[in-house]
Amino acid sequence: MIPVWFSLTLKFMSIAVVAVCVGLWQGAAAGWAAACAGLGLLHAVHVNHLSRMERWLINPSADTLPDPSGTWGLVFAGVYRALRLEARKRDAVDRELELFTQAAQALPDGIVMLDSGDQLLWCNETAAKHLGLNPSTDYGLRITNIVRVARLAAFLQSAKRDDILDYRPAHNPGQTLSLEVIPFSDGRKLLVSFDITLIERADTTRRDFIANVSHELRTPLTVIHGFLEHMTDAPVQPAEQARRHIGMMVQQSNRMLKLVDDLLMLSRLEGGDAPQREERVDVYAMAHMLVEDARALSAGRHTIEMAVAPDACITGSAEELRSAFGNLVSNAVRYTPTTLPPGRITLAWRTNEKGGALFSVTDTGIGIAAEHIPRLTERFYRVDRGRSRETGGTGLGLAIVKHVLLRHQATLEIQSEPGAGCEFRIVFPPWRSVTDVSAPVAADAA
Ligand code: ADP
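Definitions and limits used
Residues numbered from 1 in each chain as written. Predicted model: local features only at pLDDT ≥ 70, side-chain atom pairs only at ≥ 80, totals over all residues. Heavy atoms only, no water. Helix = DSSP H or I, 4+ residues; strand = E, 2+ residues; numbered from the N terminus. Rg over C-alpha atoms; globule rule 2.2 N^0.38 Å. Buried < 20%, exposed > 50% of the residue type's maximum accessible area, 1.4 Å probe, protein only. Contact = heavy atoms within 4.5 Å. Areas by Shrake-Rupley, 256 points an atom, 1.4 Å probe, with all protein chains shown as cover. Lys, Arg positive; Asp, Glu negative; His and termini not counted. Charge placed at Lys NZ, Arg CZ, Asp CG, Glu CD. Phe/Tyr/Trp six-rings, centres within 6.5 Å; stacked < 30°, edge-to-face > 60°. Pairing = 2+ DSSP bridges. Axes fitted to C-alpha atoms, helices over the stretch in contact; angles between N-to-C directions. Domains from an automatic or database assignment. Near = heavy atom within 4 Å. Polar contact = N/O pair within 3.5 Å; in protein donor to acceptor, adjacent residues only side chain to side chain. Nonpolar A, V, L, I, M, F, W, Y, C, P; charged D, E, K, R; others polar. Salt bridge = Lys/Arg side-chain N within 4 Å of Asp/Glu carboxyl O. Core = buried A, V, L, I, M, F, W, Y, C linked by side-chain atoms within 4.5 Å.

Asker: Explain the overall build of the protein chain here, please?
Answerer: A count of helical and extended segments in the protein chain gives 13 helices and 13 strands. For 446 residues, the compact-globule estimate of 2.2 N^0.38 gives 22 Å, and the C-alpha radius of gyration of the protein chain, at 44 Å, exceeds that figure by more than 25%. With respect to the principal axes defined by its C-alpha atoms, the protein chain has extents near 155 × 65 × 40 Å. Sorting the 446 residues of the protein chain into buried and exposed places 38% on the buried side. Nonlocal contacts in the protein chain, meaning residues at least 24 apart in sequence, comprise 58% of its contacts between residues at least 6 apart. When the accessible surface of the protein chain is summed, it comes to about 26,300 Å², and 60% of that surface belongs to carbon and sulfur atoms. Charged side chains in the protein chain number 46 positive and 50 negative. The centres of these two groups are separated by 3 Å.

Asker: Please clarify how the environment of Val-308 should be interpreted in this entry.
Answerer: Along the chain, Val-308 falls in the loop between strand 7 (302–307) and strand 8 (313–316). Ignoring any residue separated from it by four or fewer positions in sequence, one finds Val-308 in contact with Val-283, Tyr-284, Ala-287, Leu-347, Ala-348 and Trp-349.

Asker: Would you explain the packing of aromatic side chains in this entry?
Answerer: Working definition: an aromatic ring pair is given by the centre-to-centre distance plus the angle between the planes. Enumeration according to the criterion identifies eight aromatic pairs in this entry. With a centroid separation of 6.5 Å and 50° between ring planes, the pair formed by Trp-349 and Phe-359 is classed as tilted. In this pair, Trp-349 is assigned in strand 9 (residues 343–351) and Phe-359 in strand 10 (residues 357–363), connecting sequence segments 10 residues apart. Joined through ring pairs, the aromatic side chains of Phe-325, Trp-349, Phe-359 and Phe-428 make up one cluster.

Asker: How should I be thinking about the sheet that holds strand 4 (residues 177–184) in this particular structure?
Answerer: Taken in spatial order, the five strands make up an open sheet running 2-1-5-4-3, and their pairing is antiparallel. Edge strands, defined here as strands with exactly one partner in the open sheet, are strand 2 (120–123) and strand 3 (165–167). The average angle at which neighbouring strand axes cross in this sheet is 25°, direction not considered. One ladder, built from three bridges, connects strand 3 with strand 4; its direction is antiparallel. Looking at the pairing, Leu-165 lines up with Leu-179 of strand 4.

Asker: Any chance you could explain the domain arrangement of the protein chain here in plain terms?
Answerer: Much of the literature gives interface size as the accessible area that the parts lose upon coming together. By domain assignment, the protein chain separates into domain 1 (4–101), domain 2 (107–195), domain 3 (204–270) and domain 4 (279–442). Each of domain 1 and domain 3 was reduced to a C-alpha centroid, and the two centroids are 102 Å apart.

Asker: What's the story with the site of the ligand in this structure? I'm lost.
Answerer: Taken together, 22 residues lie near the ligand, and Asn-331, Tyr-335, Ser-388, Gly-395 and Leu-398 sit nearest. Residue Tyr-335 places a side-chain N or O atom 2.7 Å away from an oxygen atom belonging to the ligand. Within the contact set of the ligand, an oxygen atom lies 3.1 Å away from a backbone nitrogen or oxygen of Val-383. Across the complex, the protein chains shield 98% of the 520 Å² of accessible surface that the ligand would expose by itself. For the shell around the ligand, the elements supplying multiple residues, two or more each, are helix 11 (318–334), helix 13 (397–407) and strand 12 (422–427). Here the shell around the ligand gets three residues from one element, more than from any other, and that element is helix 11. Looking at side-chain class alone, the shell around the ligand contains 11 nonpolar, seven polar and four charged residues.

Asker: Which parts of the structure should I look at to understand the pattern of salt bridges?
Answerer: One side chain can pair with another of opposite charge once the charged atoms of both are near each other. Counted by the stated rule, this structure contains 20 salt bridges. Linking Arg-379 and Glu-270 is a salt bridge whose minimum nitrogen-to-oxygen distance equals 3.5 Å. With Arg-379 in the loop between strand 10 and helix 12 (385–390) and Glu-270 in helix 9 (residues 239–270), the pair connects residues that are 109 residues apart, well separated along the chain. Take Glu-270: its relative accessible area is 41%, and that puts it in the partly exposed class. For Arg-295, the salt bridge goes to Glu-292, with nearest N and O atoms at 4.0 Å. You can see Arg-295 and its partner Glu-292 sitting in helix 10 (residues 283–298), three residues apart, about one turn around the helix. According to the relative accessible area criterion, Arg-295 is partly exposed, its value standing at 42%.

Asker: What exactly am I supposed to notice about the nonpolar core here?
Answerer: Soluble globular proteins tend to bury their nonpolar side chains together. In terms of nonpolar packing, the biggest core is built from 49 residues, with Phe-325, Trp-349 and Phe-428 touching the most fellow members. Ranked by residues supplied to this core, first place goes to helix 11 with eight residues. The residues that make up this core include at least three from each of domain 3 (204–270) and domain 4 (279–442). Residues within four places of Phe-325 in sequence aside, it is in contact with Val-283, Met-286, Leu-290, Trp-349, Phe-359, Ile-426 and Phe-428. Residues Leu-114, Leu-120, Ile-143 and Val-181 belong to the second largest nonpolar core, which totals 20 residues.

Asker: Whenever I open this one, the sheet that holds strand 11 (residues 411–416) confuses me. Can you help?
Answerer: The strands making up a sheet are joined through hydrogen bonds of the backbone, oriented either antiparallel or parallel. A sheet is described by the order of its strands in space; here five strands give the open sequence 7-9-10-12-11, paired in mixed fashion. Of all strands in the sheet, those with a lone pairing partner are strand 7 and strand 11, marking the two edges. Taking each pair of neighbouring strands and ignoring which way they run, the sheet shows an average axis angle of 10°. The pairing of strand 11 with strand 12 spans six bridges and is classified as antiparallel. Each bridged residue has a counterpart across the sheet, and for Glu-413 the counterpart in strand 12 is Arg-425.

Here it is as structure tokens:
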């Protein structure tokens, strides 16, 4: 292709040569006229091309690209190439921007972009929920005019990197956010919000748990310590008194042992999702042993019965199920007062309408008011702390039951009314019912 400057120079020279020839042949006036005509024609051609380009540039596309041959063709093609390159770069930038926006939207944490005057430039959906922002109306407003919290305004002004503000949004009671400010480019800021509600709740639970365990251990330890101090001060005591003191110390140390055993059991149950050993459990034999244990605990003060068929079986961990069933049975004995006629406790096994097996313990004891029922499986939750302690309770029995059931995909149903006794039902999924009677049995259910 001929370069533009060369083509134009050639055209001018051609016009000059023709004009000189005409001038020599027809006189100077004719030569000038020929030069003017040639230059006029050249001008008209270029003005035409320029106006076509002007029109085409309004909406440049390959389909409407003017295709004049020669030098102008080169110019059009060059402009089109440059425009296409520019459009491609713009598309790539748009795609990347969209990708970044999608990634920022997908973050579990809230992100708010503020300008140097704390005006809202952009925020993701999480931040909008956390701080109660409305992206369609709030962009351009100062964030402190939207979230009217004096602490936040002061924090935005003075926060340094790694400073944190704990914030409880008024529009979402119960939620706790942790806010952090990250400065960037020319006084702009990122305000990042993290939802720490669960972490805070876990922290409170952990603190409560440690306080509860310490308190539970402190009481028997104080009793033992008191007796030991007394023995140190007065080493010689009447035999009867010494025997009584030692008996009480044994009782308190048994209480501590039971608490530690329950804590160890709980921590083992919480350590995994499923029983380590799945086996065929002979529920009849297990219920039989539990009735024996309950009779020993009751010392003849209750009527204890069982309605369990001899072929009652389930798959699961015999040790864990024994612990869960045993806690329900011992609770029934402990919370059924000794009366005349004696309180009645019944262990039963049946199948429900969905084919799932159901183990129930029913008593005629003190019963439980409805408002306590949802909280009974919380660690150390007791309706009557004094009665629980008096009867040797640790406050962990039903928490153990809950974890055993979780590991066996079973549920606990509690039905009770104050003064009218309780029914605790464990409902197993149908697939845990044993159909293969030839499978090996966990014979020693204890
Ligand atoms: P505890 O060692 O105190 O018995 P549990 O976790 O076994 O702890 O039970 C939690 C609370 O549930 C008990 O303190 C008691 O108030 C109540 N409870 C459990 N079983 C019964 C029942 N059969 N009758 C009445 N109250 C019960």
